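Breakdown of the fold
As a plain string of letters, each chain reads:
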Amino acid sequence: MDKKRVGIITGIIIILILVIGLVVYSFVGRKEEKKQENTTVKHETAEKLYKGQDGETCTEVTIVSHNAKVSETDDKVLLYLIFGQMKKDKVLGNEITKDDYIKSAEKILKNEDIPEAFEDYVYEGYAYELNGDQLTRKKVKCDSKKYVSKLYGYSNNEETLTLNVKAGYIENETLYDLNGKEIGTYQEDELNEMLDQGTLQVYTYQTQNGDYQLESVSVK
């Protein structure tokens, strides 16, 4: 075989290798991009669920003290989440229909887990009562505590999304965990780091018709 034919064959082989390499690179790149998109979507979903826990000043926050399914959880733990969703839905006011309350609650809870009646639940400076088909509220005097928290982490699969939330409260310029243990003097620019020592509460959600509904709560 002369040198010219050898050169042509070698050139063809090199071109084939380059083409195959480009195809593989393109496939892997698209796969990694899709993986990154999925990760971003899950992170945004986790952030959205966490931000539903939005009551801070003058809000009654009940500590999650044990691991339990939603049906076994204190109503006030659930009400805190429901009212956070109602705030997002912009339905909080002096009078709220039970239908509006249920619509917001169903976005994060199964219907059978939604509290049917309650009184004197304090959220952002008002005590709310559900009696019959109407929610009413009255202004209350606030104590000096301010609830603070951060999304500490999350994990997910196709059916569930678990949020790890670190929480505490500020009183008299001092930060405490939810059990009243002092963490340190409150510093706004250091709060995120200080909350690493806060109380860890875990909320596990399950997908249901496109929404994430609370399945269980626990503490670590």
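Going by the structure above, here's the rest.
Residues numbered from 1 in each chain as written. Predicted model: local features only at pLDDT ≥ 70, side-chain atom pairs only at ≥ 80, totals over all residues. Heavy atoms only, no water.

1. A short note on the side chain of S149
In this structure, S149 sits in strand β6 (residues 146–156). With a relative accessible area of 18%, S149 lands in the buried category. Apart from residues lying up to four places away in sequence, S149 is in contact with Y50, V165, K166, A167 and L195. (Helix = DSSP H or I, 4+ residues; strand = E, 2+ residues; numbered from the N terminus. Buried < 20%, exposed > 50% of the residue type's maximum accessible area, 1.4 Å probe, protein only. Contact = heavy atoms within 4.5 Å.)

2. Looking at the packing of aromatic side chains
Counting across every chain of the model gives 8 aromatic pairs. Ring geometry for F83 against F118: centres 6.1 Å apart, planes inclined by 75 degrees, an arrangement best described as edge-to-face. Taken together, the residues F83 in helix α2 (residues 75–88) and F118 in strand β3 (residues 118–123) connect sequence positions 35 residues apart. One exposure class covers both F83 and F118, and it is buried. By the ring-pair criterion, three or more aromatic residues cluster together here, those being F83, Y101, F118, Y121, Y123, Y126 and Y128. Residue placement shows K139 over the ring face of Y126; its charged tip is 4.6 Å from the ring centre. Lying across the ring of Y152, K166 places its NZ or CZ 4.8 Å from the centre. (Phe/Tyr/Trp six-rings, centres within 6.5 Å; stacked < 30°, edge-to-face > 60°. Lys NZ or Arg CZ within 6 Å of the ring centre and 35° of its normal.)

3. Some thoughts on α2
With 14 residues, α2 ought to run about 20 Å at 1.5 Å a step, and its terminal C-alpha atoms sit 20 Å apart, in line with that. Along α2, 10 of the 14 residues are buried, which leaves the element largely enclosed by surrounding structure. Listed as buried for α2 are V77, L78, L79, Y80, L81, I82, F83, G84, Q85 and M86. Where α2 starts, the residue carrying a side-chain oxygen 2.8 Å from the main-chain nitrogen of K76 turns out to be D74. K90 sits one or two residues past α2 and shows a positive phi near 60 degrees. (Expected span 1.5 Å × (residues − 1). Polar contact = N/O pair within 3.5 Å; in protein donor to acceptor, adjacent residues only side chain to side chain.)

4. A short note on the sheet that holds β3
The strand order β2-β5-β4-β3 describes an open sheet built from 4 strands, whose pairing is antiparallel. Single-partner strands in this sheet number two, and they are β2 (95–97) and β3. Ignoring which end each strand starts from, the neighbouring axes of this sheet average 25 degrees apart. Across 6 bridges, strand β4 (residues 126–131) lies against strand β5 (residues 134–139) in antiparallel orientation. Following the sheet pairing, N131 is matched in β5 by Q134. On the sheet, α2 packs against β2, β3, β4 and β5 and is oriented at approximately 60 degrees with respect to β3. Sheet contacts for helix α3 (residues 98–105): β2, β3, β4 and β5; angle to β2, the most-contacted strand, approximately 65 degrees. (Pairing = 2+ DSSP bridges. Axes fitted to C-alpha atoms, helices over the stretch in contact; angles between N-to-C directions.)

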